There are 2 protein chains.
Amino acid sequence: MGLALRLLLAFVVIGSSVASDNVDLWPMPQSVSHGGQKLYVKKDITMSMVGSTYSDDKAILKDAFQRMVDLITLNHVIDGISPSALVLTCVNIVVHTPEDELNFGVDESYNLTVPTTGDPLYAQIEAKTVFGALHAIQTFSQLCYFDFTSRLIELNSAPWIITDTPRFPYRGLLIDTARHYLPVKIIKGVIDAMTYSKLNVLHWHIVDEQSFPIEIPSYPKLWNGSYSYSERYTMSDAVDIVRYAEKRGVNVLAEIDVPGHARSWGVGYSSLWPSQSCREPLDVSKNFTFEVIDGILSDFSKVFKFKFVHLGGDEVNTTCWTTTPHIEGWLNDNHMNVSDAYRDFVLRSQKIAISHGYDVINWEETFNSFGDKLDPKTVVHNWLGEDVAPKVVAAGHRCIVSNQDKWYLDHLDASWEGFYMNEPLKGINDTKQKQLVIGGEVCMWGEEIDASDIEQTIWPRAAAAADCGLQWRSLQMTQD
Amino acid sequence: MGLALRLLLAFVVIGSSVASDNVDLWPMPQSVSHGGQKLYVKKDITMSMVGSTYSDDKAILKDAFQRMVDLITLNHVIDGISPSALVLTCVNIVVHTPEDELNFGVDESYNLTVPTTGDPLYAQIEAKTVFGALHAIQTFSQLCYFDFTSRLIELNSAPWIITDTPRFPYRGLLIDTARHYLPVKIIKGVIDAMTYSKLNVLHWHIVDEQSFPIEIPSYPKLWNGSYSYSERYTMSDAVDIVRYAEKRGVNVLAEIDVPGHARSWGVGYSSLWPSQSCREPLDVSKNFTFEVIDGILSDFSKVFKFKFVHLGGDEVNTTCWTTTPHIEGWLNDNHMNVSDAYRDFVLRSQKIAISHGYDVINWEETFNSFGDKLDPKTVVHNWLGEDVAPKVVAAGHRCIVSNQDKWYLDHLDASWEGFYMNEPLKGINDTKQKQLVIGGEVCMWGEEIDASDIEQTIWPRAAAAADCGLQWRSLQMTQD
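Residues numbered from 1 in each chain as written. Chains lettered and ligands numbered in written order. Predicted model: local features only at pLDDT ≥ 70, side-chain atom pairs only at ≥ 80, totals over all residues. Heavy atoms only, no water.

(A) Here's a closer look at the interface of chain A and chain B. With 26 residues of chain A at the contact, the number on the chain B side is 26 residues. Carbon and sulfur atoms supply 48% of the area that chain A and chain B bury against each other, a total of about 2,000 Å² over both sides. Broken down residue by residue, the surface that chain A buries against chain B is led by Asn75, Phe148 and Tyr229 of chain A, which jointly contribute 31%. Taken together, the connections running from chain A to chain B amount to two salt bridges. Here Arg151 of chain A ties to Glu215 of chain B by a salt bridge, and the two come within 2.5 Å at their closest N and O atoms. Only strand E5 (144–147), helix H4 (184–196) and helix H5 (235–246) of chain A provide two or more residues apiece to the side of chain A that touches chain B. (Contact = heavy atoms within 4.5 Å. Buried area = accessible area lost by both parts, 1.4 Å probe. Salt bridge = Lys/Arg side-chain N within 4 Å of Asp/Glu carboxyl O. Helix = DSSP H or I, 4+ residues; strand = E, 2+ residues; numbered from the N terminus.)

Okay, here's the thing in structure tokens:
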């Protein structure tokens, strides 16, 4: 309550750049100005692309536009009688590059103008890429609402001039299909909802100690570790999910969490376990372990085309390595202690990932333990506390912020105010170091949720992070 | 646990008519026999209607078939290679009547056969009406499953011969949009899920003391009693919901609960309240009260075409009538006590509903208080306990069973075993009296749920009621 109150005060004291009326845009674009005219949106509003160098062969824009039209009716029946004037009949979308390949760092900026004059009257979107245009369509949808008196879609406070570009190139949400299996349809629903908040990375924590739901063609017995015969994803399902996400401007970051969090791997290949009685971390002493990692990452590289792969590396309890005779012997033969072995495991896995064309993301324990040995292109994924990011960027590494006290969605007592006020750049003053923070991520770990409640646990708190820490604060609004 | 154990025992002791393998059909059809052959279902399986006298002009079957095809993939990618033989390529649906008007008592029976020979190999559905055919499509979908090894839709244990007809003509689910508003999309989702369990009546408890979300064109200020400007349904929305439901074989039963449970009516028309300080039940002394009821039911009759309307009549606390001077005077002038006034209110409302072509359903308090005065065609809706239905049918009235201890979904401590074992005909021995029990209904009252958790609170317990009390127990299964 105290924090909520301070938020309100902040809105008041920020001065003349804050509109006194409500601008119902979320996340708030970088710059917004508007007037006071009411328009009506034609029920069968159309999309045109006059002036685009982009062809929309894959129907990315066409389908997004249709989804937007469905969305703004909120399933109500539009049966009012439009006035003859002030009816928006079209949205013209100008995309300035023909490419439609999504990846890290793609330009996501856009301009959106909704004029009050013109015959026909049409809104205009300009964007460098189709992915910026997708964001503009989302913003446009938030200007529209179904009015119960006119029974029409109305658009208030025109004309609008909106320019927007994301504050960070990486705006993530983690889902976890190892603790509870999530049906493909649910994952697609999560992706749809991400687009409303302009989040652009689905971090798919696919496997963990509890289950291994995904097919790995190179080592087909791995998914014997699934919870059941039907709680599985084929590689074709993964391709389908990735395509679905990319069509919505969302990258899919795949994770295998090694060497800990991998007990389920041994259900199909028990030699990956140190022993039958001690099953985690993966057996560091065997080449087979790294052959399997290589097989997984080779298969991943055909499906998960995002620049990054996540190799985990957190919470490694090495007890099984010192209590299993053949591993203890191997450590002695190689003059290593368990810390050395943990480091070598992570670095060897990194090399395999790099050989498949990936940049690597690792959880922060790897940096905390041997940061100077990590591949220089490693992105360090913070989760433990908020004081790590400044150290990571000072060491020249890139960083993703997910401090658990503020941005872990499975912490049900973490308030929306905490999500809202969390600042990824806290404690970082140097401009170049700030640029090494590529963004942040809210994490929906799967122990306590399943398909029945994942959406209502993610939202609305993830949207609070999206508006503030990841996009532009609602304060940065201007009015003409 | 004890009950679950007894259920298991019942399966075992029923004798030779029970299959030793699992037949995964739910609710269990009236008669099922099957063999042991595996078939594959063509990815783009088609529907034909050779031999039908029904034209499917409204695409009821065509759309249901497409939904079924989408459903059986569970959003997986079908990318296996079909064998050349034993592939089901088509479902031929023979409907023997051209009419497609849904209402109470429509024939819902069907036969479904899935043979193992034929070129082309096709399943056959026969039904008297399109609504029986819809049930057959649901049953067919439950025979199909995505197999992770073949990556195809498989259908085990063919040939199948299934005949089915519902045990009761009224198989209801109540939703309550007064305690929490439910968006149209959520209501449609509930309707979709009802069809999987072959429930056929959506009892829409639209308004109550808390809110009045629906538009009434005759008295347009009534929906001033909605929770907010946007938590409303237009009459066009209601038409849309009714059409959506009918296309899926689900009737929509509308309810206004009078004279209690109606405080929200007075937000728009405060003279419906006994006084500003005493707002419920509706003012029995004013003609205006009954003019409004007439207006609502007149408007309803243009939208809700089901044979029945529900007029509530439960939990009427008449204190406001005796403590409000003008009503107390009216009672004295008419030589009535509050019981007389309650009775007259209900009977006068019944006459209004009948004048608009409806048969009336009332909650059981009306029967318990003045059963001999009710219109003889009244359907009494049980909710308080399980001993009322025998009295209702002995008095010659029809009855719907919803005893709250077993079939109230808002009772989170009501177990699925309780839902499963509840028997609508308990205590009724006479065959003709049994036929007066037109069915049962599970009730999802809205105080403690909203759009975020209504589906997972309804299911799976509603399905337990659908299999046992409302359809045919899983025991009634035969094997050849």
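Anyway, onward from the coordinates.
(B) A look at the pairing of strand E2 (residues 87–95) of chain A. Residues and elements named next belong to chain A. With eight of its nine residues buried, E2 lies for the most part within the structure. Pairing between strand E1 (residues 31–48) and E2: five bridges, direction parallel. Its bridge partner lying in E2, Ser48 is registered against Asn92. Relative to strand E4 (residues 121–127), E2 runs parallel, the two sharing seven bridges. (Buried < 20%, exposed > 50% of the residue type's maximum accessible area, 1.4 Å probe, protein only. Pairing = 2+ DSSP bridges.)

(C) Local environment of the relation of the copies chain A and chain B. For the match of chain A to chain B, the screw axis carries a shift of 0.0 Å, the RMSD comes to 0.0 Å, and the turn is 180 degrees. When the rotation and shift are considered jointly, the pair of chain copies conforms to a two-fold rotation axis. Relative to the rotation axis, the C-alpha of Asp453 of chain A is the closest in chain A, positioned 3.8 Å from it. The residues that chain A uses at the interface reappear at the interface of chain B in 100% of cases, marking a shared surface. (Least-squares fit on C-alpha atoms with pLDDT ≥ 70 in both.)

(D) Region of the structure containing the packing of aromatic side chains. One pass over the structure, following the stated rule, counts 42 aromatic pairs over all chains. Taken together, a centroid distance of 5.8 Å and an interplanar angle of 80 degrees make the contact between Phe148 of chain A and Trp223 of chain B edge-to-face. Of this pair, Phe148 of chain A sits in the loop between E5 and strand E6 (152–164) while Trp223 of chain B sits in the loop between strand E8 (201–205) and helix H5 (235–246), which puts the two residues in different chains. Residue Phe148 of chain A shares its accessibility class with Trp223 of chain B, and that shared class is buried. Centre to centre, the rings of Tyr229 of chain A and Phe148 of chain B are 6.1 Å apart; their planes meet at 80 degrees, and the pair counts as edge-to-face. Pair noted here: Tyr229 of chain A is in the loop between strand E8 (201–205) and H5 and Phe148 of chain B is in the loop between strand E5 (144–147) and strand E6 (152–164), and the two residues belong to different chains. On the accessibility criterion, Tyr229 of chain A (38% relative accessible area) is partly exposed. (Phe/Tyr/Trp six-rings, centres within 6.5 Å; stacked < 30°, edge-to-face > 60°.)

(E) Geometry of the domain arrangement of chain A. All names here are of chain A. What the domain assignment lists for chain A is domain 1 (18–164) and domain 2 (170–470). The gap between the C-alpha centroids of domain 1 and domain 2 is 36 Å. On the domain 2 side, the residues contacting the 21 residues of domain 1 number 24 residues. Across the domain 1-domain 2 interface, the total number found is two salt bridges. The salt bridge involving Lys247 is made with Asp63; its shortest N-O contact spans 2.3 Å. On inspection of domain 1 and its partner domain 2, the count reaches nine residue pairs in polar contact (both at pLDDT 80 or more). Contributing elements (two or more residues each) for the side of domain 1 that touches domain 2: helix H2 (60–72) and helix H3 (130–143). Considering each element in turn, the side of domain 1 that touches domain 2 owes the most residues, six residues, to H3. Class assignment of the residues belonging to the side of domain 1 that touches domain 2 gives a composition of eleven nonpolar, five polar and five charged. (Domains from an automatic or database assignment. Polar contact = N/O pair within 3.5 Å; in protein donor to acceptor, adjacent residues only side chain to side chain. Nonpolar A, V, L, I, M, F, W, Y, C, P; charged D, E, K, R; others polar.)

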